[in-house]
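Now for the letters of each chain:
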Amino acid sequence: MIILRTIAQTTQQVGFLRKEGKTIGFVPTMGALHQGHIALIESARRQSDVVVCSIFVNPIQFNDPVDLQRYPRTEEADLNMLGEAGCHIVFIPAVEEIYPEPVTDTYDFGYLDKVMEGAFRPGHFNGVSVVVKRLFDIIRPDLAFFGEKDFQQLTVIRAMVIKSDLPVQIVACPTIREANGLAMSSRNLRLTQENRAIAGNIYRILTEASRMAPQATPEKITEWVYHQIQAYPEMQIEYFSLCDSETLLPVDAWQPGKPARGCIAVYIGGVRLIDNVEFGG
Ligand code: PAF
């Protein structure tokens, strides 16, 4: 596995491979890798000739400086995992490499980046869009792989790709879960054993809620989810939203053939977790 830290080396290396006719699959990450990331690398390996992964804790997507400071950094373990997973190139730039000047780029995705994560984490999706666009410009991948755990991020990145007219195909990969259903996330490292066990209930509640549709109305299901999460004193629900899978507009009535997503954010022991499941239309 080749480890590169500068844009110049990376564009050159990927340029050689592209000239040889190889297709490039890209997995952007912020490190602290887990099986969810490895599943993205495996999908990239199956669908492209060369797999490039980036590790970059992107400061401009954190609206809370404490969250940025606490974000786990585990470079050595990450490199071992990537090597074992068969990643070919890893790009690990310093902050100054990606942001040599103060960032002024602004994106507006209308409704998509204003609700849910966008509402509770102001500036988050602008930061994500800026860094993903810059990484795409450096690596120029044919395919880029993102987990469905960050469902709204996936929707916003698809919109950014269309808006910027980029020749990259975005591939959505299913959420990978721990044995108790908890969606894998780098943030899980900050959970106590006890809270990790309790957090498994988030997925259980979402799954049970999805089975209540279409008999129960979206409003009834939303109330039920709040009530179920609030039954655990350790968990504080920030939002639960039933939204259209494409537009993210709230769903107030089920429509056959129109899939919806139930998206949730919950705090447990000061750690913010997100998850989502599909509600068939
Ligand atoms: O999902 C993530 O880890 C990040 O938001 C991403 C896409 C790597 C951008 O920093």
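Just above sits the structure.
Spatially, β1-β4-β3-β2-β5-β6 is the arrangement adopted by the six strands of the open sheet, whose pairing is parallel. At either margin of the open sheet sits one strand with a lone partner, and together these are β1 (2-4) and β6 (169-173). The average angle at which neighbouring strand axes cross in this sheet is 25 degrees, direction not considered. Examined bridge by bridge, strand β5 (residues 143-147) and β6 share five bridges and lie parallel to one another. The residue of β6 that forms the bridge with Leu-143 is Gln-169. Set on the sheet, helix α1 (residues 7-19) makes contact with β1, β2 (24-29), β3 (50-55) and β4 (89-91); between it and β4 the angle comes to about 150 degrees. Across the sheet, helix α8 (residues 151-164) touches β5 and β6, and the angle it forms with β6 is around 170 degrees.

Let us now look at the site of the ligand. Around the ligand, the surrounding shell consists of Pro-28, Thr-29, Met-30, Asn-58, Gln-61, Val-131, Phe-146 and Gln-153. Taking Gln-61, its side chain carries an N or O atom lying 2.6 Å from an oxygen atom of the ligand. With respect to the ligand, the side chain of Gln-153 contributes an N or O atom lying 2.7 Å from an oxygen atom. Applying the majority rule of atoms within 2 Å of the grid points places the ligand in the largest cavity.

This part is about the pattern of salt bridges. Scanning the model with the defined rule gives 19 salt bridges in all. Across the pair Asp-244 and Lys-258 runs a salt bridge whose closest N-O atoms are separated by 2.9 Å. Of the two residues, Asp-244 sits in strand β7 (residues 235-244) while Lys-258 sits in the loop between β7 and β8 (260-268), which places them 14 residues apart along the sequence. Judged by relative accessible area, which is 11%, Asp-244 ranks as buried. Each of Asp-67, Glu-117, Arg-121, Arg-187, Arg-190, Glu-238 and Arg-272 takes part in one network of salt bridges that share partners.

Approximately 210 Å³ is the volume attributed to the largest pocket. If you go around the largest pocket, you meet 14 residues; those closest to its centre are Asp-64, Asp-67, Arg-187, Tyr-267 and Arg-272. Broken down by secondary-structure element, the contributors of at least two residues to the lining of the largest pocket are α3 (65-70) and β9 (271-279). Residue contributions to the lining of the largest pocket peak at three residues, all from α3. Classifying every residue of the lining of the largest pocket gives four nonpolar, two polar and eight charged.

This paragraph deals with the pairing of β3. Within β3, six of the six residues are buried, leaving the element largely enclosed by the surrounding structure. Side chains Val-50, Val-52 and Ser-54 of β3 all project onto a buried face; the interleaved residues Val-51, Cys-53 and Ile-55 project onto the opposite face, where all are buried too. Sheet topology note: the β2/β3 ladder contains six bridges and is parallel. Paired with Ile-24 across the two strands is Val-50, which belongs to β3. For the segment spanning β2, helix α2 (residues 35-47) and β3, crossover handedness is right-handed.

Counted under the stated rule, the structure contains six aromatic pairs. Centroid distance Phe-120 to Tyr-239: 5.5 Å. Interplanar angle 20 degrees. Geometry classified as stacked. Of this pair, Phe-120 sits in helix α6 (residues 117-120) while Tyr-239 sits in strand β7; the two residues are 119 residues apart in sequence, bridging distant segments of the chain. Both rings, one in Trp-254 and one in Phe-279, keep their centres 5.9 Å apart while their planes meet at 10 degrees; by these two values the pair is stacked. On the criterion of sequence distance, the pair formed by Trp-254 in the loop between β7 and β8 and Phe-279 in strand β9 is long-range, its members being 25 residues apart. Side by side, Trp-254 and Phe-279 carry an identical accessibility label, which is buried. It is Arg-177 that lies over the ring of Tyr-203; its NZ or CZ is 3.6 Å from the centre.

What follows concerns empty space enclosed by the protein. The rolling of a water-molecule-sized probe over the atoms marks out the regions of remaining empty space. Overall, the coordinates contain two cavities of 30 Å³ or more when judged by the stated rule. The space that makes up the largest cavity amounts to roughly 840 Å³. Among the elements that take part in the lining of the largest cavity, helix α7 (residues 124-139) stands out by supplying six residues, more than any other. The class makeup of the residues in the lining of the largest cavity is 24 nonpolar, 16 polar and eight charged. Roughly 40 Å³ of internal volume is contained in the second largest cavity. Along its surface, the second largest cavity is lined by Lys-149, Leu-182, Ala-183, Ser-185, Asn-188, Ile-202, Leu-273, Ile-274 and Asp-275. Of the residues forming the lining of the second largest cavity, the biggest block, three residues, is contributed by β9. Classifying every residue of the lining of the second largest cavity by side-chain character gives five nonpolar, two polar and two charged.

Scoring rules and cut-offs
- Residues numbered from 1 in each chain as written.
- Predicted model: local features only at pLDDT ≥ 70, side-chain atom pairs only at ≥ 80, totals over all residues.
- Heavy atoms only, no water.
- Pairing = 2+ DSSP bridges.
- Helix = DSSP H or I, 4+ residues; strand = E, 2+ residues; numbered from the N terminus.
- Axes fitted to C-alpha atoms, helices over the stretch in contact; angles between N-to-C directions.
- Contact = heavy atoms within 4.5 Å.
- Near = heavy atom within 4 Å.
- Polar contact = N/O pair within 3.5 Å; in protein donor to acceptor, adjacent residues only side chain to side chain.
- 1 Å grid on protein atoms, 1.4 Å probe; cavity = no way out; pocket = protein on both sides within 12 Å on 5 of 7 lines; lining within 4 Å.
- Sits in = over half its atoms within 2 Å of the grid points.
- Salt bridge = Lys/Arg side-chain N within 4 Å of Asp/Glu carboxyl O.
- Buried < 20%, exposed > 50% of the residue type's maximum accessible area, 1.4 Å probe, protein only.
- Points joined across faces, edges and corners; volume = space filled by probe spheres on them.
- Nonpolar A, V, L, I, M, F, W, Y, C, P; charged D, E, K, R; others polar.
- Right-handed = clockwise from strand over helix to strand, strands pointing away.
- Phe/Tyr/Trp six-rings, centres within 6.5 Å; stacked < 30°, edge-to-face > 60°.
- Lys NZ or Arg CZ within 6 Å of the ring centre and 35° of its normal.

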